[in-house]
Amino acid sequence: MNALALHTLQKIYSNGFEALKGIDLTVAEGDFFALLGPNGAGKSTAIGIITSLVNKSSGHVRVFGHDLDLDPEAVKSCIGLVPQEFNFNQWEPVGEIVVNQAGYYGIPRKEAWRRAEESLKQLDLWEKRSEMAIKLSGGMKRRLMIARALVHRPRLLILDEPTAGVDIEIRRSMWTFMTNLNQQGTTIILTTHYLEEAESLCRNIAIINQGRIVEHNRMDRVLHALHTESFLLNVGGMPESLPELEGCVMRRLDGQTLEVEVSHDLGINKLFEGLTRNGIQVVSMRNKQNRLEQIFIKMMDANRNSA
Amino acid sequence: MRELSRVDRYRTAFQTIITKEILRFGRIWKQTVLPPVITTVLYYVIFGNLIGERIGEMDGYAYIDFIVPGLILMAVITSSYSNVVSSFFSSKYQHHVEELLISPVPDWIILGGYVGGGVARGVAVGIAVTLVSLFFTDLSINHYGWTLMVFVLTSILFALGGFINAVYANSFDDISIVPTFILTPLTYLGGVFYSIQMLPEFWQYVSLANPVLYMVNAFRYGLLGVSDIHIGLALLIILIFITGLTLYSLSLLKRGVGIKN
């Protein structure tokens, strides 16, 4: 069964701007799905429509088989949302925010507190339950929104840039949390500007641009479309002139760093062989750019040129 | 956890909204309950005792007794209205109205919860003001059931008004315009401090267009047993307003005016 199916979804705002131009999209149950796109591409509008925060102009939304027009309450019961912006009452205690959200889903207060305790403990916020939300740090506020979104145990969790502005340690702990959640059966749709996040977490991907889906595929297939990869090599001893290797473009950045663009046909082993043969010892290496980021940028460029 | 029936879910959602609203104004009682009590005490001291003694009787009652129903109702009207307008507008402003919009809560429960919060504050303030009145007058209630009904219906009506104001408001200025320029004049000219029989005939007719007049008189009838208006008509007018504002509020929620997009 599909967790989400969008059919010819269109949104025209009152000022005439067409944010979504009849998109079709499906997300399978249990998937960890990336919805990517530049700012203003239509991601937030699509999420807004799915979560009933924005009225659609036309088209259909189905969540686990429930039609948003015919049975909005069933659709809403299936979805948990972690929005981009903090959207809780900052002057309410942390525990109350989570418990009240459970109440809106009809969960009695005693059970709501039990669930709030469970999710707040998982996200290291239980000790803060009596504090006003405004006193939390940015990372804690993000985790509070996750706890709130999970309190009714949604089958589909939509995370709209959940790690924006949080430090790397918290981000990584959130990745682990999301992965565990997905492994337990929750379907997750993730939008993010950190493309390494999408690449490492998600199995399927859609890229939206100017209100249209421009790519909708398995993550590995999308990444396979990349024919070259760029690396930064830290080398011991730089020769006067750089060797020429077929399937590889090299550029000297400084006395110890080489930027190398390697075609997949050549491969890393042959690159190392070629460098060693020419007296260049590689001390360390790292990707210049995340692979998904390269594809994303190419796709956006192509889209811009065709427009 | 056992499967919850729809009625159970709705009841829990309603209780959640109304409890949240009561806690909200309860936490800041110095801003929400105390000011109308102080204002009413000042009215009693100035208009009741100092000026009232020179006015003498009105409709067969001492002036201070005559103005008690109007002053209580004025506090109820202002409190019910401002509770909903400020609470719902700030939920829009801080975007936490989204918590409700994404949840499976029907529009009528959302409206009922906010209006219930407004009524709760209206009742809290009404009780406080009534208790204060006992220090200045020998308050007696002629028709208990009627008094309570008008008290609650008026509170509902103005809570609905506050809700509609909050839906359309785009700034904090917008939520103070209606209370300042419409609600306060209507209340002052709604027979709180005088009987419309005192007015020239033309102004008596003009006064009949003021909905607050019907509520003040209906409430005065409950407490003192006198009214400038036929009480059946007063009740009808109140019910018509409540029905109209409820339907309008629900249509605003359904269309997502001011809260979606």
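Not measured: the values here are computed from a predicted model.

S.K.: What am I meant to see in helix H4 (residues 109–122) of chain A here?
M.R.: Helical periodicity: at 3.6 residues per turn, an α-helix aligns residues three or four positions apart in one direction. Residues and elements named next belong to chain A. Compared with the 20 Å implied by 1.5 Å per residue over 14 residues, the 20 Å span of H4 between its first and last C-alpha is a close match. Contact partners of the buried residues in H4: helix H3 (94–104) and helix H5 (138–150). Of the residues flanking the end of H4, it is Asp-124, one or two places downstream, whose phi is positive at about 55°.

S.K.: Help me understand the domain arrangement of chain A in this model?
M.R.: Where interface size is given, it is often the accessible area lost as the parts come together that is meant. Residue and element names in this part refer to chain A. Once the domains are mapped, chain A shows domain 1 (2–223) and domain 2 (226–306). Each of domain 1 and domain 2 has a C-alpha centre, and these two points are 37 Å apart. Taken together, the contact between domain 1 and domain 2 spans 12 residues of the former and 10 residues of the latter. Of all the secondary structure elements, the ones that give two or more residues to the side of domain 1 that touches domain 2 are helix H7 (195–201), strand S9 (204–209), strand S10 (212–218) and helix H8 (219–224). Looking at the side of domain 1 that touches domain 2, the element that brings in the most residues is H7, giving 4 residues. Here the residues of the side of domain 1 that touches domain 2 are counted per class, giving 8 nonpolar, 1 polar and 3 charged.

S.K.: Sorry if this is basic, but what is going on with the pairing of S9(A) here?
M.R.: On a regular strand, one side chain projects to one face of the sheet and the next to the other, so that they alternate. All names here are of chain A. In terms of burial, S9 is largely enclosed, as 6 of its 6 residues are buried. Of the two faces of S9, the one lined by Asn-204, Ala-206 and Ile-208 and the one lined by Ile-205, Ile-207 and Asn-209 are each fully buried. Bridging between strand S3 (residues 32–36) and S9 involves 4 bridges; their strand directions are parallel. In the strand pairing of S9, Leu-35 is matched with Ala-206. Both S9 and S10 contribute to a ladder of 6 bridges, which runs antiparallel. Looking at the pairing, Asn-204 lines up with Arg-218 of S10. Taking the residues between adjacent antiparallel strands as the criterion, S9 and S10 are bridged by 2 residues, where Gln-210 takes a positive phi near 50°.

S.K.: What is the right way to read the interface of chain A and chain B from this model?
M.R.: The partner chain B presents 22 residues to the 26 residues of chain A that form the contact. Among the elements of the structure, helix H2 (72–78), strand S6 (79–82) and H3 of chain A are those that each provide at least two residues to the side of chain A that touches chain B. Ranked by residue count, the leading element in the side of chain A that touches chain B is H3(A), at 4 residues. Partitioning the side of chain A that touches chain B into residue classes produces 11 nonpolar, 11 polar and 4 charged.

S.K.: How should I be thinking about unusual backbone geometry in this particular structure?
M.R.: Peptide bonds are trans in most cases, and residues, glycine excluded, mostly fall at negative phi. Residue and element names in this part refer to chain A. For Ser-52, which is not glycine, the phi torsion reads 70° and is therefore positive. Within the secondary structure layout, Ser-52 lies in the loop between helix H1 (43–50) and strand S4 (58–63). Its 22 C-beta neighbours within 10 Å are what place Ser-52 among the buried residues. If you check the backbone angles, Asp-124 has positive phi at about 55° while not being a glycine. Looking at the secondary structure, you find Asp-124 in the loop between H4 and H5. Exposure remark for Asp-124: the 14 C-beta atoms within 10 Å place this residue in the partly exposed category.

S.K.: How do you make sense of the confidence of the model for chain B when you look at a structure like this?
M.R.: Low pLDDT means the predicted atomic positions in that stretch should not be read closely. Within chain B, residue pLDDT values average 92, and 99% of them lie at 70 or more. Both scores are available for the predicted complex, with the pTM at 0.85 and the ipTM at 0.87.

S.K.: Please explain the sheet that holds strand S11 (residues 228–236) of chain A as it appears in this structure.
M.R.: Through backbone hydrogen bonds, the strands of a sheet pair up, either in parallel or in antiparallel fashion. Residue and element names in this part refer to chain A. Across the sheet, 4 strands lie side by side as S12-S13-S11-S14; this open sheet has antiparallel pairing. Every other strand in the sheet has two partners, leaving strand S12 (248–252) and strand S14 (281–287) as the edge strands with one partner each. The mean angle between the axes of side-by-side strands here comes to 25°, regardless of whether they run parallel or antiparallel. Those strands touched by helix H9 (residues 267–277) are S12, strand S13 (257–263) and S14, and its axis lies near 135° from that of S13.

Definitions and cut-offs
- Residues numbered from 1 in each chain as written.
- Chains lettered and ligands numbered in written order.
- Predicted model: local features only at pLDDT ≥ 70, side-chain atom pairs only at ≥ 80, totals over all residues.
- Helix = DSSP H or I, 4+ residues; strand = E, 2+ residues; numbered from the N terminus.
- Expected span 1.5 Å × (residues − 1).
- Contact = placed C-beta atoms within 7 Å.
- Domains from an automatic or database assignment.
- Nonpolar A, V, L, I, M, F, W, Y, C, P; charged D, E, K, R; others polar.
- Buried ≥ 20, exposed ≤ 12 C-beta atoms within 10 Å, placed from the backbone.
- Pairing = 2+ DSSP bridges.
- pLDDT = per-residue confidence, 0-100.
- Axes fitted to C-alpha atoms, helices over the stretch in contact; angles between N-to-C directions.

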